[in-house]
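Survey of secondary and tertiary structure
For reference, the chains in residue letters:
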2 protein chains.
Amino acid sequence: MMKKNVAILGATGAVGREMLKILEERDFPIEKLTLLSSKRSAGKTLTFKGEEITLIEAADDVFEGVDIVLGAADNPVAKQFAPAIVKAGAVFVDNSSAFRLLDTVPLVIPEINPEDVKWHQGIISNPNCSTIITLMAASVLNRLSPIETIVASTYQAASGAGAGGPIELAEEIAAYQNGETYEPKVFPYPLAYNVIPSIGSPLDNGYTTEEMKMQNEGRKILHLPEMLVSCTCVRVPVMRSHSISATIVTKEKITVEEAKEAFRHAEGILLEDDLPNKVYPMPLLTSGKDITLVGRIREDLTNPRGLNLFVAGDQVRKGAALNTIQIAELLL
Amino acid sequence: MMKKNVAILGATGAVGREMLKILEERDFPIEKLTLLSSKRSAGKTLTFKGEEITLIEAADDVFEGVDIVLGAADNPVAKQFAPAIVKAGAVFVDNSSAFRLLDTVPLVIPEINPEDVKWHQGIISNPNCSTIITLMAASVLNRLSPIETIVASTYQAASGAGAGGPIELAEEIAAYQNGETYEPKVFPYPLAYNVIPSIGSPLDNGYTTEEMKMQNEGRKILHLPEMLVSCTCVRVPVMRSHSISATIVTKEKITVEEAKEAFRHAEGILLEDDLPNKVYPMPLLTSGKDITLVGRIREDLTNPRGLNLFVAGDQVRKGAALNTIQIAELLL
């Protein structure tokens with residue numbers, strides 16, 4: 001296999017660091033690895049396969065000779081450098097939401113729509129983290145019968161807000177343990193011993209940007225332009241791994257046993273479904289892992305063509321860094 | 001107003017202690033207060049209106065002359081003493097689930113179906129905590145148009161498992177802070193930095209007893225024998241106050257503005273709905289309070305007759321102790 005010149009744009013963030021770890025774990029065929037950061041972090045080093053790599057400040061002229069750029073930066077940074085990346089002939093596999101809904105940009109979960117990488121024009125987008133974890137489960141049902149609707153409520157970890165999220169939660173809990181007060185900065189309210197039903201920015205329809213991603217991105221990934229998704233995104237005091245409670249209605253009825261059998265054989269999925277024996281998905285079980293857990297599968301009581309299920313997955317890995325690198329692997 | 005002889009059955013538990021506090025706060029007209037406990041706690045004292053009251057061991061012969069027994073004990077204890085309470089001529093307002101679905105026992109949320117107390121035969125049941133908080137919101141929509149279906153996912157606090165729940169969560173977090181391990185006893189898995197999608201006992205249909213309460217009890221309280229409810233109950237690392245993400249479909253469409261207007265005037269409800277200004281229900285805001293918070297009201301995207309909303313309420317107060325005492329007030 002031809003080794004590639006790979007760059008990580010935004011290498012110092014939570015997702016960037018996870019990418020570094022996953023490239024190493026999966027022994028991605030790398031000729032040269034370039035780590036790009038903001039001016040502030042440039043000059044520092046990160047370790048890859050026992051070797052210190054010095055961070056370089058991202059700039060338009062650093063992409064010459066790079067084959068694949070893994071994007072772990074936010075929307076403004078992704079937008080700033082995308083033209084230079086494409087011009088240099090590299091493929092930009094981007095984690096930001098900047099390009100996800102463009103007609104010219106494939107939006108890919110390798111277990112679901114790997115064929116979509118073929119028509120890229122230099123940019124391939126990685127979907128939203130909760131969307132990836134939900135669709136890992138939903139797509140398995142969609143292969144049995146097309147999905148009509150999803151009602152989802154999320155239980156999203158602090159790390160979904162970036163590396164600062166878990167730090168704030170840890171500091172807040174430590175402060176409370178010492179009887180001190182704590183002023184949150186990353187989250188709008190204390191997350192310790194609380195849940196916050198607002199992630200992303202408010203939209204005119206009363207939903208948040210985060211909540212609408214599951215419908216907008218889900219339609220594109222599943223090739224279901226009419227799928228309807230109502231999502232409520234809630235931050236919970238968990239460090240890592242998102243969970244989703246979902247009610248999924250398909251065109252034809254799928255039985256619980258048919259669903260379980262399909263999950264047993266689905267790539268990237270582990271069926272954890274044995275309630276009497278206390279077997280069900282939990283963030284505790286998925287953190288740091290690649291697998292998406294699916295369980296609590298049962299007939300929806302409000303619709304004979306509906307199934308309820310609970311899904312958990314590490315949103316820094318499968319929800320971001322891992323999925324991006326899996327897309328890059330499709331390009332090899 | 002005639003003063004009553006009141007007894008609390010199970011006075012030392014989380015709900016019993018809260019009842020004591022609420023009786024004092026609301027200046028319930030009490031002639032004599034009897035505090036009943038297990039043999040183990042008998043002889044200890046609790047304070048009521050500055051006075052020490054000695055706990056008496058519950059027994060069949062202690063209910064003579066009592067007008068109202070507030071039940072804060074579990075099912076076996078409630079079942080054990082119900083015959084003696086009724087025989088003594090007292091009214092048993094019970095928090096356990098032992099009698100809730102009996103045709104001879106009214107199941108009451110005073111803001112919703114106060115008229116049902118009239119037909120009691122000695123026992124009135126207090127509904128499940130998540131059910132009360134969800135129905136406080138749902139009943140307001142039901143008055144505008146009958147509810148057909150509810151899909152609910154809960155975010156339930158540690159205190160829902162009794163007084164031992166928050167103690168375990170606090171100890172677990174303290175242990176983790178000190179780099180120690182902790183073996184959970186109240187919950188089946190660590191609750192700190194985790195969510196546990198299983199509350200109650202497993203049933204053959206894949207749901208738990210706790211999850212089915214919202215449909216079974218909800219139908220009785222709302223007088224809607226055909227209402228369909230799919231519920232997923234999830235324990236979250238919150239000390240106190242349950243939250244519920246609900247999708248409610250009514251017979252006729254209710255607009256977001258009609259719903260908000262109804263919530264603005266609903267008894268026991270505070271509308272907290274201004275997403276751009278970070279106003280929404282959270283457990284943090286309701287703990288120790290009587291009010292149920294409703295917000296995030298928006299059109300369900302999967303059904304034109306559906307509304308999504310988020311509700312939070314203190315399940316020890318409105319979900320248990322307060323609702324029981326409100327029922328007792330209806331008896332005065």
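For the structure, see preceding data.
Residues numbered from 1 in each chain as written. Chains lettered and ligands numbered in written order. Predicted model: local features only at pLDDT ≥ 70, side-chain atom pairs only at ≥ 80, totals over all residues.

Some words on the sheet that holds strand E5 (residues 56-57) of chain A
Residue and element names in this part refer to chain A. Read from one edge of the open sheet, 6 strands run E5-E2-E1-E6-E7-E8, paired in parallel fashion. Edge strands, defined here as strands with exactly one partner in the open sheet, are E5 and strand E8 (123-125). Helix H2 (residues 75-87) contacts strand E1 (4-9), strand E6 (68-71), strand E7 (91-94) and E8 of the sheet and is inclined by roughly 160° relative to E7. Packed on one face of the sheet, helix H8 (residues 317-331) meets E6, E7 and E8 and runs near 165° to E6. (Pairing = 2+ DSSP bridges. Helix = DSSP H or I, 4+ residues; strand = E, 2+ residues; numbered from the N terminus. Contact = placed C-beta atoms within 7 Å. Axes fitted to C-alpha atoms, helices over the stretch in contact; angles between N-to-C directions.)

Points about the interface of chain B and chain A
Between chain B and chain A, the contact holds 51 residues from the first and 49 residues from the second. Listing elements by their share of the side of chain B that touches chain A, those giving two or more residues are strand E9 (147-155), helix H4 (164-177), strand E10 (228-232), strand E11 (242-250), helix H7 (283-286), strand E13 (292-299) and strand E14 (306-313) of chain B.

Observations concerning the nonpolar core
As a rule of thumb, soluble globular proteins bury nonpolar side chains together. Within the largest apolar cluster, 207 residues are counted, with the highest numbers of intra-cluster contacts made by Leu70(A) and Leu70(B). Setting aside chain neighbours within four positions, we find Leu70(A) in contact with Val6(A), Ile8(A), Leu9(A), Met19(A), Val93(A), Thr324(A), Ile325(A) and Ala328(A). (Core = buried A, V, L, I, M, F, W, Y, C linked by C-beta atoms within 7 Å. Buried ≥ 20, exposed ≤ 12 C-beta atoms within 10 Å, placed from the backbone.)

Brief notes about the relation of the copies chain B and chain A
For the pair chain B and chain A, the relating rotation is 180°, the translation along its axis is 0.0 Å, and the fit reaches an RMSD of 0.0 Å. Given the turn and translation reported, the copies of this chain are related as if by a two-fold rotation axis. Comparing interface residues between copies, 96% of those in chain B also lie at the interface in chain A; the contact surface is shared. (Least-squares fit on C-alpha atoms with pLDDT ≥ 70 in both.)

Observations concerning helix H2 (residues 75-87) of chain B
Residues and elements named next belong to chain B. Relative to the 18 Å expected for 13 residues at 1.5 Å per residue, H2 spans 19 Å between its end C-alpha atoms, a close match to the ideal helical length. Residue Phe81 marks the point of greatest curvature in H2, where the axis turns by about 40°; the proline Pro83 follows within four residues. Taken together, the buried positions of H2 are Ala78, Phe81, Ala82 and Ile85. Against strand E1 (4-9), strand E6 (68-71), strand E7 (91-94) and strand E8 (123-125) lie the buried residues of H2. Positive phi shows up at Gly89, right after H2, with a value of about 85°. (Expected span 1.5 Å × (residues − 1). Bend = angle between axes of the 7 residues up to and from the residue.)

Some words on the pairing of strand E2 (residues 30-37) of chain B
All names here are of chain B. Summarising the sheet, E1 and E2 pair through 6 bridges and their orientation is parallel. If you follow Lys4 over to E2, its bridge partner there is Ile30. Two elements, E2 and strand E5 (residues 56-57), share 2 bridges in a ladder whose sense is parallel. By the bridge assignment for E5, Ser37 is matched with Glu57.

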